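Letter by letter, the chains look like this.
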Amino acid sequence: MTTIDQQVPAHLRGNGRPVAEEVTVTDLTVTGTIPSELDGRYVRNGANPLTGISSHPFFGDGMVHGVRLRDGRAEWYRNRYVRTPFFADPTVDILDPKVMMDMTASKANTHVIGHAGRILALEEGHFPYALDGDLDTVGPLDFAGTLAGSFTAHPKICPVTGELLAFGYSAFEPYLRYLRVSPDGELVQTEAITVGGPTMMHDFNITRNHVVFMDLPAVFDLEMAIRGEMPIHWSDTYPARLGVMPRHGTDADVRWYDIDPCYVFHPMNAYEDGDTIVLDVARLSHVWRDSMMDFPSPELWRWTIDTGTGVVREEQIDDRPAEFPRVPDARVGLPHRYGYMMAVPDDPSYDDPSQQSGALLKYDRNTGARSEIDLGRGCLPGEPVFAAADGASAEDDGYLMTFVYDAATDASRFVVFDAATMDDVPVASIDLPRIPFGFHGSWIPSSVVG
Ligand SMILES: [Fe+2]
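So, here is what we can say about the structure in this document. (Residues numbered from 1 in each chain as written. Predicted model: local features only at pLDDT ≥ 70, side-chain atom pairs only at ≥ 80, totals over all residues. Heavy atoms only, no water.)

### Digging into the layout of surface pockets
Part 1: Approximately 1,000 Å³ is the volume found for the second largest pocket.
Part 2: Residue assignment for the lining of the second largest pocket shows that the elements contributing at least two residues are β6 (111–115), β10 (156–157), β14 (205–206), β20 (263–273), β24 (322–326), β29 (385–388) and β33 (441–445).
Part 3: Ranked by residue count, the leading element in the lining of the second largest pocket is β20, at five residues.
Part 4: Per-class residue counts for the lining of the second largest pocket are 26 nonpolar, 14 polar and ten charged. (1 Å grid on protein atoms, 1.4 Å probe; cavity = no way out; pocket = protein on both sides within 12 Å on 5 of 7 lines; lining within 4 Å. Points joined across faces, edges and corners; volume = space filled by probe spheres on them. Helix = DSSP H or I, 4+ residues; strand = E, 2+ residues; numbered from the N terminus. Nonpolar A, V, L, I, M, F, W, Y, C, P; charged D, E, K, R; others polar.)

Here's what the structure looks like:
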C-alpha cells in the first residue's frame, strides 16, 4: 500500500510525485531482445515541479526522459529538466499575466518531438524549446524571429511532405493562428484564423490536403487568471465547431461545421475519404465545468464530416475509458486501420497504484475489433508510441513503446511490445529508475536526429 499524504495534491501522490534528480544511466539491465533495427531515441515529456509542488497537473516543470537504442543495445537512460525561465527562478508565477505574455516563459512539459534535425520540447502557450541529442536545452525557438505567439504542443508532421503543421492559440486577438513549418524547419506561413472567442485548443488534425481545427467550449476567462486560478472554464453557450481549411489556405477558406458540445484533448488521426473527412478522437462529454480537475473519462468516437451536406455524423466507437490515442507516424493525416490508446484505469486517482491495472489498447477500425496488452495489477503504462519494423509490409508491423510504472518495486521500465500480436510479454524490457506519470512522447529515429 502506498502511504497517502492528504496534504499533497492528488496529482503529486503515488507515481505522480516528482523525481528530484537528473540522472544518466548507461549500465542498463535488459530483459528480452532489443530489436537491432531500432536506432534512435524514445523521449517522453512530463510535468515534474522543481519545488516539489504544483497547483495543477499541467503546471509542473518540463522534464524529458529518454532512452537511446542502437545496435540492439540500450546506450543510456537520462532525464533532464528543460531550462526555462522557471528553472532559473522557480518563484516565477505561471499565472502572472505578465509571465503568460512572455513567449519564452514556457513550462515546456507537454510533448517532445523530432523535426528537421531538432528535438523540440513543447507546451501550448509559448515558444518551443530546442534540445540537443543528450536532452540538454539549446533554448527557446522563435524560428529566426518569425514566430509571433504561442506554438501548440501537438503539431503534426506530414509523412508525405515532411512539413510540420501547427497552430497557436491566445487569450488575446488573434485568438488563433495557423502555422506551417517547412520540412527544413522554417516557419513559412502564419495565418490569423477568425474564431468566436478565446478557446483552449489543445490539439488539431491534418489530412492529406487540409487541417481541421477543433474550436470547443473550453473558454478563456482573464478574471480567473487575475484571481490566480486556471483561466479556462466550460461554456454552455459557446458553440462546438470543426474548422476545415486547405493546408495552404487562408482564413477566408475555413469552413466551419457544428458538432455536439464536447471536449477533445487528443484526436487519434484524421483523413480524407471522398467527400468526407473522418476523425477518430478521444472524446470527453465536457471539461472544467465543475472544477479545474473536472475531466470526465475520454472514450473513442468517430466524427465523419460530409463536406457536401455540411453535416457531421458523430458515433461512439467504444465505452471503455481510454486516452493518448496514436497511430503510426507514417499514417498521420492518411487513412489508418489501427490506432492505439492507453486504457484509463478504473480508479484514476494516484493514491494506490498497486490496486490499479494497466493496459494498452489496439483498435482495428476496419473490423471493429479491440485487442489489448494487459500489464497486470500495479503496472501502469503511458501513451503508446509506435515505431515501424524495418521493411514493414502491414500497418501494424512494428513496436509499441512506453514507460511502465510498477508499484511493487516503485520503479519503472521502458517496454517494447509487438504491435502486430499485442503479446502481453514485451519483446524487450529495460529496468529504469522511477519515472513519474507524464504526457506525450515520440520515437525519434537517428535519421531525424543523429
Ligand atoms: Fe496533449
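Further notes follow.
### Some details on the sheet that holds strand β11 (residues 164–169)
Strands in a sheet are paired, the pairing made by backbone hydrogen bonds, and the direction either parallel or antiparallel.
Part 1: Strand order in the open sheet formed by four strands is β10-β11-β12-β13, and the pairing between neighbours is antiparallel. Only two strands of the sheet have a single partner each, and these edge strands are β10 and β13 (187–193).
Part 2: Where β10 meets β11, two bridges bridge the pair, whose relative direction is antiparallel. Bridging from a neighbouring strand, I157 pairs with L164 of β11. (Pairing = 2+ DSSP bridges.)

### Section: the sheet that holds strand β21 (residues 276–284)
Part 1: Here we have four strands laid out as an open sheet, ordered β20-β21-β22-β23, and antiparallel in their pairing. The strands lining the two open edges of the sheet, one partner per strand, are β20 and β23 (312–316). Neighbour-to-neighbour, the strand axes of this sheet turn through a mean angle of 20°, independent of strand direction.
Part 2: The pairing of strand β22 (residues 299–306) with β23 spans five bridges and is antiparallel. The residue bridging R302 from the neighbouring strand is E315, located in β23. (Axes fitted to C-alpha atoms, helices over the stretch in contact; angles between N-to-C directions.)

### Some details on the coordination of the iron ion
For a metal bound by four donors in a tetrahedral arrangement, the ideal donor-metal-donor angle is 109.5 degrees, while six donors in an octahedral arrangement ideally sit at 90 or 180 degrees.
Part 1: Listed as protein donors to the iron ion are H154 (NE2), H202 (NE2), H266 (NE2) and H440 (NE2); their distances from the metal cover 2.0 to 2.2 Å.
Part 2: Every donor counted, the four donor atoms about the iron ion form angles of 89 to 171° at the centre, which fits irregular coordination.
Part 3: Sequence spacing of the donors to the iron ion: H-x47-H-x63-H-x173-H. Taken as a pair, H154 in the loop between β9 (137–140) and β10 and H440 in the loop between β32 (428–432) and β33 lie far apart in primary sequence, 286 residues in all. (Donors = N, O, S within 2.8 Å, 3.2 Å for Na, K, Ca; no water. Tetrahedral: all angles 85-135°; square planar, octahedral: opposite > 155°, others 65-115°.)

### Some details on the side chain of E191
Part 1: Within the element layout of this structure, E191 appears in strand β13.
Part 2: The buried charged residue E191 lacks any salt bridge, with R180 as its nearest oppositely charged partner at 7.9 Å.
Part 3: From its side chain, E191 meets the backbone nitrogen of D251 in a polar contact 3.4 Å long. (Buried < 20%, exposed > 50% of the residue type's maximum accessible area, 1.4 Å probe, protein only. Lys, Arg positive; Asp, Glu negative; His and termini not counted. Salt bridge = Lys/Arg side-chain N within 4 Å of Asp/Glu carboxyl O. Polar contact = N/O pair within 3.5 Å; in protein donor to acceptor, adjacent residues only side chain to side chain.)

### Considerations on the pairing of β9
Part 1: With three bridges joining them, strand β8 (residues 129–131) and β9 adopt antiparallel strand pairing. Across the sheet, the residue bridging to Y129 is P140, located in β9.

### Here's the deal with empty space enclosed by the protein
Sizing a probe to match a water molecule and rolling it over the atoms shows the empty space that remains.
Part 1: Considering all chains together, one arrives at one cavity of 30 Å³ or more under this definition.
Part 2: By volume, the largest cavity amounts to about 30 Å³.
Part 3: For the largest cavity, the full set of lining residues is R44, G46, A47, N48, M63, H65, P436 and F437.
Part 4: Listing elements by their share of the lining of the largest cavity, those giving two or more residues are β3 (40–47) and β4 (62–70).
Part 5: Counting residues per element, the lining of the largest cavity draws most heavily on β3, at three residues.
Part 6: Broken down by class, the residue content of the lining of the largest cavity amounts to four nonpolar, three polar and one charged.

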